[in-house]
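Spelled out, the chains give:
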Amino acid sequence: MGLTMEDHDATPVPADNSAVPETPVSPPPGQNDELTGQKKKYEELNDRYLRLAADFDNYRKRIARDHETQVQLANERFAVDILEIADNLDRALKADEEHLRTGVEQIHHLLAGILARHGISPIDALKTSFDPGIHEAVAHISSDEREGTVVDVVSPGYRMHNKVIRYAKVAVSKGNQTNDEKNIRIKREDWEY
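Cut-offs and rules
- Per chain, residue numbering runs from 1 following the sequence as it is written.
- Thresholds applied to this predicted model are a pLDDT of at least 70 for local features of residues and 80 or more for the giving and counting of side-chain atom pairs; totals over whole chains, interfaces and linings are not thresholded and use all residues.
- Note that water and hydrogens are dropped before the side-chain values are worked out from all heavy atoms of the structure.
- Each patch is built from residues lacking any salt bridge and having more than 30% relative accessible area; the joining distance is 9 Å for like charges and 5 Å for nonpolar side chains (Val, Leu, Ile, Met, Phe, Trp, Tyr).
- For accessible areas, the Shrake-Rupley method is used with a probe of radius 1.4 Å. Any residue's cover is judged against the shown protein chains and nothing else.
- Salt bridges are defined by distance alone: a side-chain nitrogen of Lys or Arg within 4 Å of a carboxyl oxygen of Asp or Glu.
- Only runs of H or I of at least four residues qualify as helices and only runs of E of at least two qualify as strands under DSSP, and these elements are numbered from the N terminus.
- Each residue gets one of three labels from its accessible area relative to the maximum for its type: buried under 20%, exposed over 50%, partly exposed in between, using a 1.4 Å probe on protein chains only.
- Only the stretch in contact is used when a helix axis is fitted, and all axes are lines through C-alpha atoms; the angle between N-to-C directions ranges over 0 to 180 degrees.
- The cut-offs work like this: below 35 degrees is roughly parallel, past 145 is roughly antiparallel, 65 to 115 is roughly perpendicular, and the gaps in between are oblique.
- Only heavy atoms matter for contacts: two residues are in contact if any of them lie within 4.5 Å across the pair.
- The classification used treats Ala, Val, Leu, Ile, Met, Phe, Trp, Tyr, Cys and Pro as nonpolar, Asp, Glu, Lys and Arg as charged, and all other residues, Gly among them, as polar.
- For two strands to be treated as a pair, DSSP must find no fewer than two bridges joining them.
- Helix span, expected: 1.5 Å multiplied by one less than the number of residues in the helix.
- Put simply, buried Ala, Val, Leu, Ile, Met, Phe, Trp, Tyr and Cys residues joined by side-chain atoms within 4.5 Å make one nonpolar core.

Participant: Teacher, can you tell me more about a nonpolar patch on the surface here?
Facilitator: Nonpolar side chains collect at one region of the surface, where Phe56, Tyr59 and Ile63 lie side by side and expose about 320 Å² of accessible area between them. You can see Phe56 is positioned in helix H2 (residues 31-94). A relative accessible area of 55% means that Phe56 is categorised as exposed.

Participant: Sorry, what's going on with the side chain of Thr149 here?
Facilitator: With respect to the helices and strands, Thr149 occurs in the loop between strand S2 (135-141) and strand S3 (150-155). The class of Thr149 is buried, set by a relative accessible area of 5%.

Participant: When you look at the packing of H2 against helix H3 (residues 97-117) in this model, what are you seeing that I'm missing?
Facilitator: Between two packed helices, the angle of one axis relative to the other and the distance separating the axes together describe the packing. Following both chains from N to C, one finds H2 and H3 inclined at 175 degrees, their axes separated by 9 Å at the closest point. The angle between the axes of H2 and H3 places the two elements in the roughly antiparallel class. Here Phe78, Asp81, Ile82, Glu84, Ile85, Asn88, Leu89 and Ala92 of H2 lie close against H3, whose contacting residues are Leu100, Ile107, Leu110, Leu111, Ile114, Leu115 and Arg117. For the contact of H2 with H3, the per-class residue count stands at 11 nonpolar, one polar and three charged.

Participant: Help me understand the sheet that holds strand S1 (residues 120-122), please; the structure alone is not making it clear to me.
Facilitator: The strands that make up a sheet pair up through hydrogen bonds in the backbone, lying either parallel or antiparallel. A sheet is described by the order of its strands in space; here three strands give the open sequence S1-S4-S5, paired in antiparallel fashion. Two strands close off the open sheet at either side, each with one partner strand: S1 and strand S5 (163-166). Averaged over all neighbouring strand pairs, the angle between strand axes comes to 35 degrees, with direction disregarded. Bridge count between strand S4 (residues 158-160) and S5: three bridges; the pairing is antiparallel. Residue pairing for S5: Arg159 is matched across the bridge by Val164.

Participant: Can you walk me through unusual backbone geometry in this structure?
Facilitator: Trans peptide bonds make up most of the peptide bonds, and negative phi angles are found at most residues other than glycine. Phi at Lys127 takes a positive value of approximately 65 degrees, unusual for a residue other than glycine. Along the chain, Lys127 falls in the loop between S1 and S2. Here Asn162, not a glycine, exhibits a phi torsion of approximately 70 degrees, which is positive. Positionally, Asn162 belongs in the loop between S4 and S5. Judged by relative accessible area, Asn162 falls into the exposed class, the value being 73%.

Participant: How should the sheet that holds S2 be read in this particular structure?
Facilitator: Spatial strand order, S2-S6-S3: three strands in an open sheet with mixed pairing. Two strands bound the open sheet, and with one partner strand each, they are S2 and S3. Each adjacent strand pair in this sheet contributes to an overall mean axis angle of 30 degrees, direction not counted.

Participant: Whenever I open this one, H2 confuses me. Can you help?
Facilitator: Since the α-helix packs 3.6 residues into each turn, any two residues three or four apart lie on the same face. Look at H2: 94 Å from first C-alpha to last across 64 residues, which is about the 94 Å you get at 1.5 Å a residue. Within the sequence span of H2, burial applies to Asp81, Ile85, Asn88 and Ala92. For H2, the elements touching its buried residues are H3.

Participant: Can you help me understand the pattern of salt bridges in this one?
Facilitator: If charged atoms from side chains of opposite charge come close, those side chains can pair. Overall, the coordinates contain six salt bridges when judged by the stated rule. In this structure, Arg60 and Asp57 form a salt bridge, with 2.4 Å as the shortest nitrogen-oxygen distance. Here the residue Arg60 and the residue Asp57 both occupy positions in helix H2, the gap between them amounting to three residues, near one helical turn. The partly exposed category is assigned to Asp57, whose relative accessible area is 26%. Residue Arg101 is joined to Glu105 by a salt bridge in which the shortest nitrogen-to-oxygen separation is 3.2 Å. Placement of both Arg101 and Glu105 in helix H3 is noted, with a separation of four residues, approximately one turn of the helix.

Participant: I would appreciate a short explanation of the nonpolar core in the present structure.
Facilitator: Inside soluble globular proteins, nonpolar side chains tend to come together where they are buried. By size, the foremost hydrophobic cluster in this structure holds five residues: Ala125, Val150, Ala168, Val170 and Val172. In this structure Ala125 touches His135, Val150, Val153, Ala168 and Val170, once residues within four positions along its chain are discounted.

This is the structure in structure tokens:
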């Protein structure tokens, strides 16, 4: 049997794979260093991310605490101002009849100043057009004012920094019904033939 060229080029392969020793496939030179560098960079970025997440969580908690503290301090300042009014009311109750009105007027003036310092202002409602955004109608009465005009303020309304915190309870005019009824009768008489 003669050997041909094809026989020399073919590598003999054993029938059993166990005879071939397994050699670990190593990456080409330089690629192992790049992979190690990428892993190190990933670990650094992950660590940085975890630290930033923890810092943000701490920041969020600190802001919530600071907000709560500010609310408590604002309430405390308002309470101290109101206590001044309570003290003056006690003094007014102990005063004689002659000075009682003067004392109550001073307390009212003091209260108005305290409310203004805290951004609370009364809503001017009398003789204005009814506005459901700032008024609450508690009565609808006949008057000489045109229909829809506020003719009486039962309880004043208040704003705090342009936000309505209590609606003004008002009586609203439904017009002068006697004049309106006369006008309606006159118009009906005009229509009759």
